[in-house]
Amino acid sequence: MEENDFVSIWLEETGNPAIEELTKANMELAKYTEKVLSDKKLQVIDFAMIVDINPDEISRWLIGKHSFSIKKLKELADAIEGFPTLAN
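Residues numbered from 1 in each chain as written. Predicted model: local features only at pLDDT ≥ 70, side-chain atom pairs only at ≥ 80, totals over all residues. Heavy atoms only, no water.

### Let's talk about the overall build of the protein
Moving on, step 1. Helix and strand content of the protein: five helices and zero strands.
Moving on, step 2. When the helices and strands of the protein are listed from N to C terminus, the series reads α-α-α-α-α.
Moving on, step 3. By the burial criterion, 24% of the 88 residues in the protein qualify as buried.
Moving on, step 4. Excluding contacts between residues fewer than 6 apart, the proportion of contacts in the protein whose partners are at least 24 apart in sequence is 60%.
Moving on, step 5. Accessible area of the protein: about 6400 Å², with a carbon and sulfur share of 54%. (Helix = DSSP H or I, 4+ residues; strand = E, 2+ residues; numbered from the N terminus. Buried < 20%, exposed > 50% of the residue type's maximum accessible area, 1.4 Å probe, protein only. Contact = heavy atoms within 4.5 Å. Areas by Shrake-Rupley, 256 points an atom, 1.4 Å probe, with all protein chains shown as cover.)

What follows is the structure, given as structure tokens:
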């Protein structure tokens, strides 16, 4: 960071509300997704196939090590609504 980079200094001191909101949305949807997967007896691989995303990327997202854009979060939320339930 440059010595006179006031924007970077301000963001470091105050945070970025847009990024904080996106992070919150990612975590809320991740928690909800885990619950739905558990309730419907689905695995991460099942969800990954439904949304056509690499299972490793989904796993990182579910534990908070990866985030998606708002657009992708909306797509994932829509996909969750259509989850099938696996028979025991």
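### Side note on helix α3 (residues 44-51)
Moving on, step 1. Along α3, the positions that sit buried rather than exposed are Phe-47, Ala-48 and Val-51. Buried residues in α3, looked at end-on, bunch into an arc of 100 degrees, giving them a common side.
Moving on, step 2. Taken from the residues just after α3, Asp-52 is the one with a positive phi, measuring 55 degrees. (Arc of directions from axis to C-beta.)

### Re the pattern of salt bridges
Moving on, step 1. All chains considered together, the criterion is met by two salt bridges.
Moving on, step 2. With a closest N to O distance of 2.6 Å, Asp-39 and Lys-35 form a salt bridge. One end of the pair, Asp-39, and the other, Lys-35, are both in helix α2 (residues 17-39), four residues apart, so they sit about a helical turn from each other.
Moving on, step 3. For Asp-39, a relative accessible area of 48% corresponds to the partly exposed category.
Moving on, step 4. Ionic pairing is found between Lys-72 and Glu-75, a salt bridge with its closest N-O pair at 2.9 Å. Taken as a pair, Lys-72 and Glu-75 lie in helix α5 (residues 70-81) at a separation of three residues, close to a single helical turn.
Moving on, step 5. Judged by its relative accessible area of 37%, Glu-75 falls in the partly exposed class. (Salt bridge = Lys/Arg side-chain N within 4 Å of Asp/Glu carboxyl O.)

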